[in-house]
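Structure at a glance
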Amino acid sequence: MRHPTRPITRGLTGLALTMLALPALAIPAAAPATAAAAQARASHGTIHHTIRYASVDSCPGKDGTATPCHTWRLDLLDGRRVALKDAMLWPLTAKGRPDRTNSAPLTVSGDGESVAYFRKSDHRLVVREFHGGVQGGVRVMPRNPLPRGVGMNAAWLKLSQDGDRLALGYTTGDGHTRVRLFDVARASATGTTPETDGFAGFSGDGSAVLLQRAGDENTIGLAVHDDTGAELAAAVPPQIVANNGPWGLSADDRTVAYVTGLGEKARLRFYDVATDQATGSVRFSLPKDAALDMIDWTGGHEVTLHLVRSRGSRDVVTVLKVDTETGRTRVRDSYKVRSGAFAYLSCGG
């Protein structure tokens, strides 16, 4: 089981790896007109990616089913493994009882330098900096981040690429899902999104979020919202877009990147939510036996893909950088998730 608390694009709080099954269409290759400005506001600087992924052990419960146990651990790029001893292991229900069947919400920023979780000692939502393998300062978010009657077991967390923004998604008892947004540096809430059917992620610079909405006649809509929750753009995209999540939102707050096809026929495609228009595509090579788990804009002309292959009881994760203008690819990292993990969460872009 992987990413149990990770937001997905189908309105649930569990994992749904999206297999790339549609064939590539014969659209002339072209870079999106808006992609050149995609990261105009972003300033990531040197990216160290200290944290590869976070994970928690699996132990058999009294009835024999798997349950999370021990403590969250961070696997670092240099091969070390660090225990995150102050992170909650089990989430609390709305009645304040531990839910031992699930792991508590946790997320790693795309640059691998921050991790967000609920703190064990006081149940506060915190973001811990983690530079060069050394645990740094902790920023404590406002009290009571979840509405009354909503437990941690109905919530998930997601950090932006640079760790400066935090999303806390939750589903109420009547099935409504919303996302509360935080400015990490100021340790303050900035707003809450309207009801949504899924959280697709932050924009490249963290200034906006991409949400999924269910439309009429089984259609899927996409909407861009700023950090206050206000809508910036929305559209019901063509099926080739809607059926090929996950999607990544550029820092221009309108260009969505997604992938179609497999192997040598794979294409990285671009769609403008503001104009409801396709804005180009570029061919690249994608392994046929991998599932696309994440796609993030990590530069003005770059997206980063997380690909997952199952190898027996262990997953193999490949992090692939793709040039949005040429389709040139480069493997940034590849690793096997440690055996015996109940759940794991990779850093994003």
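In this report, we go over the structure that sits alongside the text. (Residues numbered from 1 in each chain as written. Predicted model: local features only at pLDDT ≥ 70, side-chain atom pairs only at ≥ 80, totals over all residues. Heavy atoms only, no water.)

What follows deals with the sheet that holds strand β13 (residues 208–214). Taken together, four strands build an open sheet; the order of strands is β12-β13-β14-β15 and the sheet is antiparallel. Since the sheet does not close on itself, it has two edges, and those belong to β12 (198–202) and β15 (231–235), each with one partner. Each strand axis lies, on average, 20 degrees off the axis of its neighbour in the sheet, ignoring direction. Of the strand pairs in this sheet, strand β14 (residues 220–226) and β15 are connected by four bridges, and their pairing is antiparallel. Note that in β15 the partner of H225 across the bridge is E231. (Pairing = 2+ DSSP bridges. Helix = DSSP H or I, 4+ residues; strand = E, 2+ residues; numbered from the N terminus. Axes fitted to C-alpha atoms, helices over the stretch in contact; angles between N-to-C directions.)

Taken together, four strands build an open sheet; the order of strands is β20-β21-β22-β23 and the sheet is antiparallel. Here the strands that pair on one side only, and so sit at the sheet edges, are β20 (291–299) and β23 (329–336). Adjacent strand axes in the sheet meet at a mean angle of 20 degrees when their direction is disregarded. With ten bridges connecting them, strand β21 (residues 302–311) and strand β22 (residues 314–323) associate as antiparallel partners.

In this section: the nonpolar core. Counting residues in each nonpolar core, the largest one holds 20 residues, and the members touching the most others are W72, L74, L84, L106, V108 and Y117. Counting residues per element, the ones that place at least two in this core are β1 (51–60), β2 (66–76), β4 (106–108), β5 (114–118), β6 (125–131) and β24 (341–346). Filtering out sequence-adjacent residues up to four positions away, V108 remains in contact with I51, A54, S114, V115, L159, L345, S346, C347 and G348. Of all hydrophobic cores here, the second largest spans 19 residues; its members include M141, L146, A155 and L157. (Core = buried A, V, L, I, M, F, W, Y, C linked by side-chain atoms within 4.5 Å. Buried < 20%, exposed > 50% of the residue type's maximum accessible area, 1.4 Å probe, protein only. Contact = heavy atoms within 4.5 Å.)

Okay, the packing of aromatic side chains next. The final tally for this structure, using the stated rule, is five aromatic pairs. Residues Y53 and Y344 carry aromatic rings whose centres are separated by 6.1 Å and whose planes lie at 75 degrees to one another, so their mutual orientation is edge-to-face. Placement of the pair is Y53 in strand β1 and Y344 in strand β24, with a sequence separation of 291 residues. Of the two residues, Y53 and Y344, neither departs from the other in class, the shared state being buried. By way of ring pairs, the aromatic residues Y53, Y335 and Y344 are connected into one cluster. One residue, R100, lies across the ring of W90, its end atom 4.5 Å from the ring centre. (Phe/Tyr/Trp six-rings, centres within 6.5 Å; stacked < 30°, edge-to-face > 60°. Lys NZ or Arg CZ within 6 Å of the ring centre and 35° of its normal.)

Looking now at the layout of surface pockets. In this structure, the largest pocket occupies an estimated 370 Å³ of space. Lining the largest pocket we find 18 residues, and of these N144, P145, L146, V150 and M152 sit closest to its centre. Looking at the lining of the largest pocket, its residues break down into nine nonpolar, five polar and four charged. (1 Å grid on protein atoms, 1.4 Å probe; cavity = no way out; pocket = protein on both sides within 12 Å on 5 of 7 lines; lining within 4 Å. Points joined across faces, edges and corners; volume = space filled by probe spheres on them. Nonpolar A, V, L, I, M, F, W, Y, C, P; charged D, E, K, R; others polar.)

Once that is clear, we can look at the pattern of salt bridges. Inspection of the entire model under this criterion finds 17 salt bridges. Of the charged contacts, one joins R73 and D57 as a salt bridge, the two residues approaching to 3.0 Å between their closest N and O atoms. In this pair, R73 is assigned in strand β2 and D57 in strand β1, connecting sequence segments 16 residues apart. We classify R73 as partly exposed; its relative accessible area is 22%. In this structure, the salt-bridge partner of R178 is E195, at a minimum N-O distance of 3.3 Å. Taken together, the positions of R178 in strand β10 (residues 177–183) and E195 in the loop between β11 (188–192) and β12 put the pair 17 residues apart, joining distant regions of the chain. Here R178 falls in the partly exposed class, since its relative accessible area comes to 28%. Given a relative accessible area of 37%, E195 falls into the partly exposed group. Three or more residues joined by partner-sharing salt bridges are found here, namely R165, D183, R186 and D227. (Salt bridge = Lys/Arg side-chain N within 4 Å of Asp/Glu carboxyl O.)

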